[in-house]
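# Close look at the chain arrangement
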Amino acid sequence: MIASLDGIVAQVSTTDLVLEVGGIGYRVHAGPPTLTAARVGERIKLHTHHLVREDSQALYGFRTTEELAFF
């Protein structure tokens, strides 16, 4: 399981962002507060929930552990 990511924001859209960590770009779904705080080219740490289903995988990112716990 992926518990957190710390890297450089490569891209931000209305529903997710791409976080570059060690040369790998992770697409992370996030809410508006996290997305508005994310700036392309800046470092950010996200606490994550890694959702694995039979037909898909998704990462959800949160700026604080409190936000993650609420999720």
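Residues numbered from 1 in each chain as written. Predicted model: local features only at pLDDT ≥ 70, side-chain atom pairs only at ≥ 80, totals over all residues. Heavy atoms only, no water.

### Remarks on the overall build of the protein chain
Operational definition: Secondary structure is summarised from DSSP: a helix means a run of H or I of at least four residues, a strand means a run of E of at least two, and numbering begins at the N terminus for each. Working definition: with a 1.4 Å probe on protein chains only, accessible area under 20% of the residue-type maximum means buried, over 50% means exposed, and in between means partly exposed. Should any heavy atoms of two residues lie within 4.5 Å, those residues are considered in contact. Accessibility throughout is a Shrake-Rupley quantity obtained with a 1.4 Å probe, and a residue counts as covered only by protein chains that appear here. Only four residue types enter the tally: Lys and Arg on the positive side, Asp and Glu on the negative side, with His and both chain ends excluded. Taken as the charge centre is NZ of Lys, CZ of Arg, CG of Asp or CD of Glu, depending on the residue.
Helix and strand counts for the protein chain come out as two helices and five strands. Reading the protein chain from its N end, one meets helices and strands in the order β-β-β-α-β-β-α. Summarising its shape, the C-alpha atoms of the protein chain cover approximately 35 × 25 × 20 Å along the three principal directions. Burial analysis of the protein chain (71 residues in total) assigns 28% to the buried set. Once local pairs closer than 6 in sequence are excluded, the contacts in the protein chain between residues at least 24 apart make up 43%. A total of about 4700 Å² of accessible surface is found on the protein chain, and carbon and sulfur atoms cover 53% of it. Of the charged side chains in the protein chain, 6 are positive and 8 negative, and the gap between their average positions amounts to 5 Å.

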